[in-house]
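Chain and residue survey
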Amino acid sequence: MTVTVRFAPSPTGFLHIGAARTALFNFLFARRHGGSFLLRIEDTDRARSTQAAVDTILNGLRWLGLDWDGEPVYQFARAPRHVEAARQLLAAGKAYLCYATPQELEEMRRDARAQGRPVRYDGRWRDRDPSEAPEGVPPVIRLKAPTTGETRIDDLVQGAVTVPNEQLDDMVLLRADGTPTYMLACVVDDYDMAITHVIRGDDHLTNTFRQYQLYQAFGWPVPQFAHIPLIHGADGQKLSKRHGAVGLEEYRRQGFLPEAVCNYLLRLGWSHGNDEIIGREQAIAWFDLDHIGRSPARFDIEKLTSLNAHYLRSADPRQIVRLLLAELSLRCNGTLAPTAEERLEKGLDSLRERAKTVNELCANARFYAVDGAVTPDAGAAALLTADARTRLGAVVKLLGQVQPWRAEAIEAVMREACEVRGWKLKDIAQPLRAAVTGAKVSPPLFEVMEILGREETIVRVEGAAGAEAP
Ligand code: GLU
């Protein structure tokens, strides 16, 4: 058996971080078993499905590196096939036409509520002859579901779960307007796509009993199911907007790397001993359904952030520099210094030791990317007192004489200047840092000056020396 799984999002909004985890688990399971990972866009809710939401899903999956096999399947386009399948069951006597009017259904609901019973269709057209059909009432097609016994799912995560069949009524397969229901579409699509394992959120577990009955009615092999507990927020409630960001896109915007998000989502609900750092190759080699936890995992932004810091530090420098250039170019309206790339390459290691997200890294790296005097932040401005600016003015000339323009040589000349003038090193280092980086903290000062180059350093130091006192 070739493993075939699918990710089946409904394109009605953003890509929820929980859905991204479902996609990841499916992807890893497929790759682990040399199978296929298919994508099905469940766009049958025409009022709520949008192209923008489809694009968000596709881009999100691409960003995470979860490449699906083949072309995405669009569920709505398959409606004729779903209709045909419902008619097939009807012809086989496994489904029937139901002419109950909306009023009758409303009465059923009312009576059930009044008697404190769950609302269920009472099967009144199950064995009735269609010749008794009332005039002008378009029928729905309902499944003739078993009324005795129980339906049992051997879920690969939840274990054996059963429901008495009397609790499941005869569900609608085809609505009166001829449109297929989600239950029907999902089962027919999973069958046609030869899905062997359905891995999805456990909010779908109750649907699974009904879907199981449909497979039985069709006489189709039932896929294996694995229902993953949902992600909760720190308060133990289902993760939702009030917990903060739930859309994958927001994490991207906040400066998280896809590698970190994948690693974090993998560990959220699945474990491999005490391993925390698990890259893609390792994840594919290790992933299984046996180690998915049965209770909901809590989303922990701190953990994600620290994983992100790890990936930021260990990523290919070229990848990070490319990201930085793209982001900084946006932030600086495209006015990057001609040497921005070279400076970022040289300065990257020190910069990324001090940042946990791409956004932080960008903010800290900005002084490398744009030429000319920098605008100091509040902390740096406070360091640029009249005295400090006088000291800067005094050393500008010395900077012109440093040979060669290397961190050690710059430091040696500055130390000597301090000795001659009776300053402490910080008396000159602090204003220098403020002048060249615009901040109070930065990567090692003399390294920064070396990377910026003599000319650019002097421009900035002169700028700060000549500026008005704060
Ligand atoms: N379209 C459903 C959802 O977005 C998924 C259904 C499934 O995976 O079977 O929740």
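Residues numbered from 1 in each chain as written. Predicted model: local features only at pLDDT ≥ 70, side-chain atom pairs only at ≥ 80, totals over all residues. Heavy atoms only, no water.

As named in an unreviewed UniProt entry, the protein is Glutamate--tRNA ligase, taken from Candidatus Defluviicoccus seviourii. The UniProt entry for the protein carries the following text under Catalytic activity (unreviewed entry): "tRNA(Glu) + L-glutamate + ATP = L-glutamyl-tRNA(Glu) + AMP + diphosphate". (UniProt positions renumbered as here; feature names shortened; annotations may be inferred.)

1. Here we look at the packing of aromatic side chains
Inspection of every chain in the model, using the stated rule, returns 10 aromatic pairs. Plain terms: the ring middles of Phe 218 and Trp 220 are 3.8 Å apart, the flat faces sit at 5° to each other, and that makes the pair stacked. With a relative accessible area of 10%, Phe 218 lands in the buried category. Relative to Tyr 368, the ring of Phe 367 has its centre 4.3 Å away and its plane inclined at 40°; by these criteria the two rings are tilted. This pair shows no difference in class: Phe 367 is buried, exactly as Tyr 368 is. These aromatic residues form a ring-pair network of at least three members: Tyr 251, Phe 256, Tyr 264 and Phe 299. Here the guanidinium or amino end of Arg 46 rests over the ring plane of Phe 76, the centre of that ring lying 3.9 Å away. (Phe/Tyr/Trp six-rings, centres within 6.5 Å; stacked < 30°, edge-to-face > 60°. Buried < 20%, exposed > 50% of the residue type's maximum accessible area, 1.4 Å probe, protein only. Lys NZ or Arg CZ within 6 Å of the ring centre and 35° of its normal.)

2. Quick look at the sheet that holds strand S8 (residues 172-174)
The strand order across the open sheet formed by three strands is S4-S5-S8, and the pairing between neighbours is antiparallel. If you trace the sheet from one side to the other, it starts and ends with strand S4 (95-98) and S8, each paired once. Each adjacent strand pair in this sheet contributes to an overall mean axis angle of 45°, direction not counted. In terms of strand pairing, strand S5 (residues 140-143) meets S8 through two bridges, oriented antiparallel. Counted as the bridge partner of Ile 141 is Leu 174 from S8. (Pairing = 2+ DSSP bridges. Helix = DSSP H or I, 4+ residues; strand = E, 2+ residues; numbered from the N terminus. Axes fitted to C-alpha atoms, helices over the stretch in contact; angles between N-to-C directions.)

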